[in-house]
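# Observations on chain architecture
Here is what each chain is made of, one letter per residue.
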Amino acid sequence: MATPYIGVPVQRREDLRFLTGAGNYTDDLTLPGQTHAVFVRSPHAHARIRSVKTAAAARAPGVVGIFTGEDVAAARINGLPCGWLIHGTDGQPMKEPAHPILAQGKVRHAGDPVAVVIAESLAQARDAAERVEVDYDLLPSVVDSVEALKPGAPLVHDDVAANRCYTWAIGDKAATDAAFASAAHVTTLEFQNNRLIPNPIEPRAVNATYSRADDSYTLHVSNQNPHVERLLMCAFVLGLPEHKVRVVAPDVGGGFGSKIYLYAEDVVLTWASKKVNRPIKWTAERSESFLTDAHGRDHHTRAQLALDRDGRFLALRVDTKANMGAYLSTFASAVPTILYATLLAGQYATPHIHCEVTAVFTNTAPVDAYRGAGRPEATYVVERIVEAAAREMKIDPAALRRRNFIRSFPYQTPVALLYDTGDYEATLDRAIEMADVAGFPARRAEAARRGKLRGLGYACYIEACGIAPSSVAGSLGARAGLFEAGEVRVHPTGKVTVFTGSHAHGQGHETTFAQVVADRLGISMDDVEIVHGDTSKVLFGMGTYGSRSLAVGGTAIVKALDKVVAKGRKIAAHLLEAAESDIEFADGQFRVAGTDRSKAFAEIALTAYVPHNFPHDKLEPGLNENAFYDPSNFTFPAGTYVCEVEVDPETGIVRIERFVAVDDFGNIINPMIVEGQVHGGLVQGLGQAMNECGIYDSGSGQLTTGTFLDYCMPRADDMPSFQVDTRSTPCTHNPLGVKGCGEAGAIGSPPALMNAITDALGVADFAMPATPQRVWATLQQAQRKQAA
Amino acid sequence: MTVKVSMTVNGKPAAAEVEERTLLVTFIRESLRLTGTHVGCDTAQCGACTIHVNGQAMKSCNMLAMQAEGKSITTIEGIAAADGTLHPMQEAFRQNHGLQCGFCTPGMVMSAIDMLNHYPDPDEATIRAELDGNLCRCTGYHNIVKSIQAAAKTMR
């Protein structure tokens, strides 16, 4: 049967279980003999541990086991590894201080785990944890990256001078400096890219169990990449054989990057499950999520754009201090370097770019990839400074962008990336049309009559998805491969189970991937099952992050499908007594070209498993193929966002009146899911720009935004509905022509909103998030300046 | 100290001996093993645990099990028809891609049903304002609003 699925908004097959309460999240699992863990955490930002006394807690009812940093040290358990080694401008490797799974000697941020208490019930574990006595010697703390670099700042790690993890640079400094010397105009801005706390609504959760029967471990964990979790935990931390450890990431309630990483709790529970010989469950309370999930962003940046008299970009110079937090999380070192500075060309043919990044340890939660990971920070720099330059030079911001767009592809940027394809005018033109930019002056005038300030802002973003190829990533410091794996298991009846190393936690892969498979094989989607998230089922995988799943994971499946079809063609040639080269495969039929003689896919499958009439001299029975796909390049989604706001000068309240997103994601498999990804990304980006900010108190080092009461998550009535559309230039180097859509919204929307607000207020810049208080204060300051 | 609690859950009697401090959500998830009701925070802000108590949306993390004594509780597992036909609100979320990771979804659906009991024909601003007690991190709310608008049409 020939049912086209690609490009169709097929309803999600995941939804039925989620809508009926039949989802299977980690905390939903309760195993026979289940115990519960509670972590004793540092209440201090920075302190020496004088003693940890557990005797009273051990006597509490229901306690099964208590373990501390000393126990971990005695068991010779290694610290958590960082997956990306950056070399600094001095040629030296970055500083990688130990990251113990339970604190040893010192605690370095509020929430640092000190001990774990395991008990029969969660309530008993909580009660007993209260009885663990930890004696601390308080130390001064530092939470800000710029402060941490100053002489005399407290040292987070005694062996890391000046708290400097590395200073790294990219681009030609001499050529950039020379271009600045000849510039007609230089625009300078200093930015803070605010710290964000990811907050998937499902908190992190772990359930670890050990089997004496075969000396094996099973770890259920809310995680985005179970194979990587297993590899890091086995090979680097616990020294366990991988084949004795199964990691299952069942339904996962959102990740946004924060569940990529190997966390201390995962390792502690796995190790302790053998010690107590019982399954142990831990689910983060939201307060723990705030304190211990890896945070995002937190950059201080100074940027300068050099332009000639006509507004052509000559050079961009960027200096960034990136806050790493107290320890290096799994991908932390790559985010403000490889995933940030390489994106600073944006959509523009800027001939010279130089960027220097200093990564800094502070007494805060580790900072790592969060939706967009480096690319939102880069886009913010580029799109804010381009907008500022346009205003300074009195050039229409869209016209200035257009004047500098890259127009011929492939395009080699001065910061390492090779863009394969794109059409930036197409997305800009469509966005301008949808946003009715022509009608904006009238709307602004009308708002002014009501005493309101109206502003319009653009962002023309680019991102790089599906980090690749492994050989290049390796030369840049990656300690892992960045391919993906897929397996297509055709059953004797022609039904198909597909195993993917990608992981879905909201993205709808079970639907999208099934659309691809059904289309390629010409069978019904109902005959295709997608399996992910279990190392005992899936051959291997690098998981889901960086908008890589369809471009990399989907391609691995396509490669495996190609092998299935190739073998099917051989079987069909045998059955139809034709030459293999004469067999065509289309619409689920293997046909002798130019004839009506054919065999359906299911017949071929049956023949493969009941091989009575079978070319045994040429082929093995069965129809099961796998493939590993290592892309030759990144993909480069791009687009234009236009935001229009109205500001009430009396209150500082900003209303987003319209928001248009026009994206180029290449080919689209399921437009409904893609639109949903855009909506979600937009609100995370607009949340950064308008609501969210992770704030540590500079005196005490305490996280002052540690609950949903203090950290302003965007709610439905903070946000508008969106107008979204796409323009497509298919990716040139993967067979689906797809680019990735998961992060775009979060990348392009913060500068679009801040460009709109600064336009409304008539100011050059102020720091995100644009809360009413900040907007109001900015306006007051601008008015005072004007009066003076 | 333990106490015996009994109530009607999804139309059936339910009883258990629980510690007095047991939250209603814990009773539902752990004692009754109805794991569709989720816990997403510890400050009654996210709404993932929203259920109906005597027909009204309540956050089950914010009540003791004891406080539900004798009351009628409906959870996400109890709103579809006996033959499995989805409640119009569930169906509207499915038709309109009103969910992604699914974790906030049960609470969203339970809140949305209660919302339409109060506002049978809500405009977008009303829907957004009434969703104040439910956080979603995936959808950006756009399709949740659409879902509730669609359900309002079919339920009218």
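Source: prediction; values computed, not measured.

On to the overall build of chain A. Broken down by element type, chain A carries 20 helices and 28 strands. The C-alpha radius of gyration of chain A comes to 27 Å, within 12% of the 28 Å expected for a compact globule of 788 residues. With the principal axes as the frame, chain A shows a C-alpha extent of 95 × 75 × 50 Å. In chain A, buried positions account for 64% of the 788 residues.

Residues and elements named next belong to chain A. Counted by the stated rule, this structure contains 24 aromatic pairs over all chains. Centre to centre, the rings of Phe-191 and Tyr-380 are 5.5 Å apart; their planes meet at 70°, and the pair counts as edge-to-face. On the criterion of sequence distance, the pair formed by Phe-191 in strand β8 (residues 185-193) and Tyr-380 in helix α10 (residues 375-392) is long-range, its members being 189 residues apart. Phe-191 gets classed as buried once you look at its relative accessible area, which sits at 5%.

Let us look at the interface of chain B and chain A. Every contact between the two is made by 49 residues of chain B and, on the other side, 54 residues of chain A. Counting the surface lost from both chain B and chain A, the interface buries some 4,300 Å², and carbon and sulfur atoms represent 54% of this. In this structure, the connection of chain B to chain A is made through four salt bridges. Residues A:Asp27 and B:Arg29 are paired through a salt bridge, measuring 2.7 Å at the closest nitrogen-oxygen approach. On inspection of chain B and its partner chain A, the count reaches 30 residue pairs in polar contact (both at pLDDT 80 or more).

Time to look at the domain arrangement of chain A. One widely used convention gives an interface's size as the accessible area the parts lose upon coming together. All names here are of chain A. Domain assignment breaks chain A into domain 1 (31-139 + 206-282), domain 2 (299-467 + 633-787) and domain 3 (483-629). Using only C-alpha atoms to locate each centre, domain 1 and domain 2 end up separated by 36 Å. Of the residues lining the interface, 27 residues belong to domain 1; the matching set on domain 2 comes to 25 residues. Between domain 1 and domain 2, the buried area comes to about 2,100 Å², and carbon and sulfur atoms account for 64% of it. When residues of domain 1 are sorted by the area they lose upon contact with domain 2, Trp-84, Phe-256 and Tyr-261 head the list and together hold 30% of the total. Between domain 1 and domain 2 we count zero salt bridges in total. Connecting domain 1 to domain 2 are ten residue pairs in polar contact (both at pLDDT 80 or more). Counted by class, the side of domain 1 that touches domain 2 contains 16 nonpolar, seven polar and four charged residues.

The next thing to look at is the pattern of salt bridges. Residue and element names in this part refer to chain A. Throughout the structure, instances matching the rule amount to 62 salt bridges over all chains. Note that Asp-27 and Lys-281 form a salt bridge whose closest N and O atoms lie 4.0 Å from each other. Here Lys-281 lies in strand β12 (residues 280-283) and Asp-27 lies in the loop between α1 (15-19) and β1 (35-41), a separation of 254 residues in the sequence. Accessibility assignment for this pair places Asp-27 and Lys-281 in one class, buried.

This next bit is on the pairing of strand β26 (residues 638-647) of chain A. Residues and elements named next belong to chain A. Burial within β26 is extensive, with ten of its ten residues counted as buried. Side chains Ala-638, Thr-640, Val-642, Glu-644 and Glu-646 project from β26 onto one buried face, and the interleaved Gly-639, Tyr-641, Cys-643, Val-645 and Val-647 project onto a second face that is buried too. The pairing of strand β18 (residues 453-462) with β26 spans ten bridges and is antiparallel. Note on β26: the bridge partner recorded for Leu-453 is Val-647. Here β26 hands over to strand β27 (residues 654-664) after six residues, with Gly-652 in that stretch at a positive phi of 75°.

Our focus in this paragraph is the environment of B:Ala44. All names here are of chain B. Within the fold, Ala-44 resides in the loop between α1 (24-31) and β3 (50-53). With 13 residues separating them along the chain, Ala-44 and Ser-31 place their C-alpha atoms 21 Å apart. Excluding anything up to four places from it in sequence, Ala-44 contacts Lys-59, Cys-61 and Asn-62.

This part takes up a nonpolar patch on the surface. Residue and element names in this part refer to chain A. A cluster of nonpolar side chains, namely Leu-606, Tyr-609 and Val-610, defines an oily patch on the protein surface of about 240 Å² accessible area. By the element assignment, Leu-606 lies in helix α17 (residues 601-609). By relative accessible area, Leu-606 is classed as partly exposed at 44%.

For the rest of this paragraph, the subject is unusual backbone geometry. Residue and element names in this part refer to chain A. With an omega of -5°, the peptide bond running from Phe-409 to Pro-410 counts as cis. Topologically, Pro-410 is positioned in the loop between α11 (397-404) and β16 (411-412). Residue Ala-468 is joined to Pro-469 through a cis peptide bond whose omega torsion reads -15°. Relative to the assigned elements, Pro-469 resides in the loop between β18 and α14 (470-475).

Our focus in this paragraph is the sheet that holds strand β21 (residues 528-531) of chain A. Residue and element names in this part refer to chain A. Taken in spatial order, the four strands make up an open sheet running β21-β20-β19-β25, and their pairing is mixed. Where the open sheet ends on each side, the last strands, each with one partner, are β21 and β25 (624-629). Between one strand axis and the next, the sheet turns by 15° as a mean value, whatever way the strands run. Two elements, strand β19 (residues 484-490) and strand β20 (residues 496-500), share five bridges in a ladder whose sense is antiparallel. What sits directly across from Arg-489, in β20, is Thr-497. Helix α15 (residues 509-521) rests against β20 and β21 of the sheet, and its axis sits at about 135° to β21.

Residue and element names in this part refer to chain B. When cut into domains, chain B gives domain 1 (2-78) and domain 2 (88-155). Centre-to-centre, using C-alpha coordinates, domain 1 lies 22 Å away from domain 2. Taken together, the 18 residues of domain 1 in the interface contact 15 residues of domain 2. Of the roughly 1,200 Å² buried between domain 1 and domain 2, counting both surfaces, carbon and sulfur atoms make up 59%. Counting across the domain 1 and domain 2 interface gives zero salt bridges. If you look at where domain 1 meets domain 2, you find six residue pairs in polar contact (both at pLDDT 80 or more). Secondary-structure elements contributing two or more residues to the side of domain 1 that touches domain 2 are β3 and β4 (56-59). Along the lines of polarity and charge, the residues of the side of domain 1 that touches domain 2 split into six nonpolar, eleven polar and one charged.

Residues and elements named next belong to chain B. Between helix α3 (residues 105-118) and helix α5 (residues 142-155), the least distance of the axes is 11 Å, while the angle of their chain directions is 45°. If you check the angle between α3 and α5, you find them oblique. Judged by the twist between their axes, the crossing of α3 over α5 is right-handed. Counted together, Met-108, Ala-112, Met-115 and Leu-116 of α3 and Ile-144, Ile-148, Ala-151, Ala-152 and Met-155 of α5 form the full contact between these two elements. In terms of residue class, the contact of α3 with α5 is built from nine nonpolar, no polar and no charged.

One can find A:Gln684 in helix α18 (residues 671-690). Residue A:Gln684 is classed as buried on the basis of its relative accessible area, which comes to 2%. With residues up to four places along the chain from it excluded, the contact list for A:Gln684 reads A:Pro198, A:Phe256, A:Tyr370, A:Arg371, A:Glu692, A:Ala746 and B:Arg137.

In this section: the sheet that holds strand β22 (residues 583-586) of chain A. All names here are of chain A. Read across the open sheet, the three strands follow the order β22-β23-β24; overall the sheet is antiparallel. Bordering the open sheet on either side are β22 and β24 (598-600), each of which pairs with just one other strand. When the angles between neighbouring strand axes are averaged without regard to direction, this sheet yields 20°. In terms of strand pairing, β22 meets strand β23 (residues 589-592) through four bridges, oriented antiparallel. Each residue of the ladder has a partner; that of Ala-586, found in β23, is Gln-589.

Looking now at the pairing of strand β28 (residues 723-726) of chain A. Residue and element names in this part refer to chain A. With four bridges joining them, β27 and β28 adopt parallel strand pairing. By the bridge assignment, Val-662 is partnered in β28 with Asp-725. Since β27 and β28 lie parallel, the crossover through α18 that links them has a hand, and here it is right-handed.

Looking now at the packing of α10(A) against helix α19 (residues 744-761) of chain A. All names here are of chain A. Contact geometry for α10 and α19: axes closest at 8 Å, N-to-C directions at 30°. Regarding the angle of α10 to α19, the classification is roughly parallel. In this structure, α10 meets α19 at a crossing whose hand is right-handed. Facing α10, whose interface residues are Arg-375, Pro-376, Thr-379, Tyr-380, Glu-383, Arg-384, Glu-387 and Arg-391, α19 presents Ala-746, Ile-747, Pro-750, Pro-751, Met-754, Asn-755, Thr-758 and Asp-759. Taken together, the residues that form the contact of α10 with α19 break down as seven nonpolar, three polar and six charged.

Conventions adopted
- Residues numbered from 1 in each chain as written.
- Chains lettered and ligands numbered in written order.
- Predicted model: local features only at pLDDT ≥ 70, side-chain atom pairs only at ≥ 80, totals over all residues.
- Heavy atoms only, no water.
- Helix = DSSP H or I, 4+ residues; strand = E, 2+ residues; numbered from the N terminus.
- Rg over C-alpha atoms; globule rule 2.2 N^0.38 Å.
- Buried < 20%, exposed > 50% of the residue type's maximum accessible area, 1.4 Å probe, protein only.
- Phe/Tyr/Trp six-rings, centres within 6.5 Å; stacked < 30°, edge-to-face > 60°.
- Contact = heavy atoms within 4.5 Å.
- Buried area = accessible area lost by both parts, 1.4 Å probe.
- Salt bridge = Lys/Arg side-chain N within 4 Å of Asp/Glu carboxyl O.
- Polar contact = N/O pair within 3.5 Å; in protein donor to acceptor, adjacent residues only side chain to side chain.
- Domains from an automatic or database assignment.
- Nonpolar A, V, L, I, M, F, W, Y, C, P; charged D, E, K, R; others polar.
- Pairing = 2+ DSSP bridges.
- Patch = residues over 30% accessible without salt bridge, like charges linked within 9 Å, V, L, I, M, F, W, Y side chains within 5 Å.
- Areas by Shrake-Rupley, 256 points an atom, 1.4 Å probe, with all protein chains shown as cover.
- Axes fitted to C-alpha atoms, helices over the stretch in contact; angles between N-to-C directions.
- Parallel < 35°, antiparallel > 145°, perpendicular 65-115°, else oblique.
- Left-handed = near helix turned anticlockwise from the far one by under 90°.
- Right-handed = clockwise from strand over helix to strand, strands pointing away.

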